[in-house]
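Secondary and tertiary structure notes
One-letter residues, chain by chain:
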Amino acid sequence: MNAKPADHGADQQLSQALAQRIAAALLPGDQPFTSEALASVADFVLAAAATRQGSEPALAIETVSGAAGERFMRIAVINDDMPFLVDSIATTIAAHGLAIDRLVHPVLPVRRDGDGRLTQVVDGEAAGEKRESMVYLETERADAKVRRQVEHALEATLADVRAAVADWPAMQQAMAQDADACTDSEGAALLRWFKDGMLTQLGHLVRRRDGSQTGALGI
């Protein structure tokens, strides 16, 4: 699996490895893929995941036909594994009036070369390897305009998630400092309660009475 994905044999090995991980990520009660559908999904996800530049996400959207001839849209989102990802993606898609018919979320240990090309899906849990989140969704069919809107909205959402996650420790520290500075004991206790996991903090800033703002963190 160390050959570049441009090599057909490496492509096939990578697709088979992805297919195994996708099938294993199905939840109890999920409709299993047929072998043909699973191979098609793996090839689609592989095409999206084939090259990533640094920590930039990769995204693919297309409309395809099912076994019964029905048309539907499928989406692959490849990103560094991080909190809030799946819920944020699902909410963004739902905001465009699209019902999600299937969602599979394998988190894979992978290796890439210096150009960002996927070279290996590492077997097992592979402690110490970099993990990537590969979210695969199926929704009802949408026209080209809606597909473009969904793509742009997902790009914005992924950027927001990254900003919130990257600034999370600093936002938690800022909330702790705010609690320590609060002269109202009940207010301070509420802030500490939020900090201890009762609130998903997406942003933090200091807004002054003159309208100026400083210390912006997160979204």
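Residues numbered from 1 in each chain as written. Predicted model: local features only at pLDDT ≥ 70, side-chain atom pairs only at ≥ 80, totals over all residues. Heavy atoms only, no water.

1. Here we look at the packing of helix α5 (residues 168-181) against helix α6 (residues 185-198)
- Orientation of α5 relative to α6, taken along the N-to-C sense of each, is 165°, at an axis distance of 8 Å. When the interaxial angle is binned, α5 and α6 end up roughly antiparallel. α6 is crossed by α5, and the crossing has left-handed handedness. Facing Q172, M175, A176, D178, A179 and D180 of α5, the residues of α6 in contact are A188, L191, R192, F194 and K195.
- Its residues assigned to classes, the contact of α5 with α6 comprises six nonpolar, one polar and four charged. (Axes fitted to C-alpha atoms, helices over the stretch in contact; angles between N-to-C directions. Helix = DSSP H or I, 4+ residues; strand = E, 2+ residues; numbered from the N terminus. Parallel < 35°, antiparallel > 145°, perpendicular 65-115°, else oblique. Left-handed = near helix turned anticlockwise from the far one by under 90°. Contact = heavy atoms within 4.5 Å. Nonpolar A, V, L, I, M, F, W, Y, C, P; charged D, E, K, R; others polar.)

2. Some words on the side chain of S133
- With respect to the secondary-structure elements, S133 resides in strand β6 (residues 131-140).
- Polar side-chain contacts of S133 include one of 2.6 Å to the side chain of H105.
- Beyond its immediate sequence surroundings of up to four residues, S133 is in contact with V77, I78, N79, D80, D81, L85, H105 and P106. (Polar contact = N/O pair within 3.5 Å; in protein donor to acceptor, adjacent residues only side chain to side chain.)

3. What to know about the pattern of salt bridges
- Under the defined criterion, the tally for this structure stands at eleven salt bridges.
- Among the salt bridges present, the one from R52 reaches E132, with a minimum N-O distance of 3.2 Å. Here E132 lies in strand β6 and R52 lies in the loop between α2 (35-49) and β1 (58-65), a separation of 80 residues in the sequence.
- E138 serves as the salt-bridge partner of R102, at 3.7 Å between the closest nitrogen and oxygen. Of the two residues, R102 sits in strand β3 (residues 100-104) while E138 sits in strand β6, which places them 36 residues apart along the sequence.
- Take R102: its relative accessible area is 15%, and that puts it in the buried class.
- Here E138 falls in the buried class, since its relative accessible area comes to 14%. (Salt bridge = Lys/Arg side-chain N within 4 Å of Asp/Glu carboxyl O. Buried < 20%, exposed > 50% of the residue type's maximum accessible area, 1.4 Å probe, protein only.)

4. With respect to the packing of helix α4 (residues 144-166) against α5
- Where α4 meets α5, the axes come as close as 4 Å, and the angle between the chain directions of the two elements is 55°. Compared by their axis directions, α4 and α5 come out oblique. When α4 is examined against α5, the residues A164, V165 and A166 are found in contact with a partner set consisting of W168, P169 and M171.
- Partitioned by chemical class, the residues of the contact of α4 with α5 number six nonpolar, no polar and no charged.

5. Let's talk about α2
- For α2, spanning 15 residues, the distance from its first C-alpha to its last is 21 Å, which sits close to the expected 21 Å at 1.5 Å a residue.
- What α2 keeps buried is the set L38, V41, A42, F44, V45, L46, A48 and A49. (Expected span 1.5 Å × (residues − 1).)

6. Here's the deal with the nonpolar core
- Of all hydrophobic cores here, the largest spans 27 residues; its most connected members are L18, I22, F33, V45, I78, M134 and Y136.
- Elements represented by at least two residues in this core include exactly α1 (8-24), α2, β1, β2 (71-80), β4 (107-112), β5 (118-121) and β6.
- If you tally residues by element for this core, the top one is α2, at eight residues.
- For F33, the residues in contact, after removing those within four places along its chain, are I22, L26, L38, V41, R102, V104, Y136 and E138.
- Core analysis: the next-biggest nonpolar cluster, separate from the first, contains 15 residues, M82, I93, V150 and L154 among them. (Core = buried A, V, L, I, M, F, W, Y, C linked by side-chain atoms within 4.5 Å.)

7. Observations regarding the packing of aromatic side chains
- Applying the stated criterion across every chain, the model contains three aromatic pairs.
- Ring centres of F44 and Y136 lie 6.2 Å apart, and the angle between their planes is 75°; this geometry places the pair in the edge-to-face category. Remark: Y136 occurs in strand β6 and F44 occurs in helix α2; sequence separation between them is 92 residues. Take F44 and Y136: they sit in the same class, and that class is buried.
- The residue whose ring lies beneath R74 is F44, and the NZ or CZ to ring-centre distance is 4.5 Å.
- Above the ring of F33, the side-chain terminus of R102 is found at 3.9 Å from the ring centroid. (Phe/Tyr/Trp six-rings, centres within 6.5 Å; stacked < 30°, edge-to-face > 60°. Lys NZ or Arg CZ within 6 Å of the ring centre and 35° of its normal.)

8. Examining the side chain of S88
- Tracing the backbone shows S88 in helix α3 (residues 85-94).
- What S88 contacts, discounting residues up to four positions off in sequence, is T157 and V161.

9. Regarding the pairing of strand β8 (residues 213-218)
- Both strand β7 (residues 203-207) and β8 contribute to a ladder of four bridges, which runs antiparallel. From the neighbouring strand, H204 faces β8, where its bridge partner is L217.
- As consecutive antiparallel partners, β7 and β8 are separated by five residues, and within that stretch G211 has a phi angle of approximately 95°, a positive value. (Pairing = 2+ DSSP bridges.)

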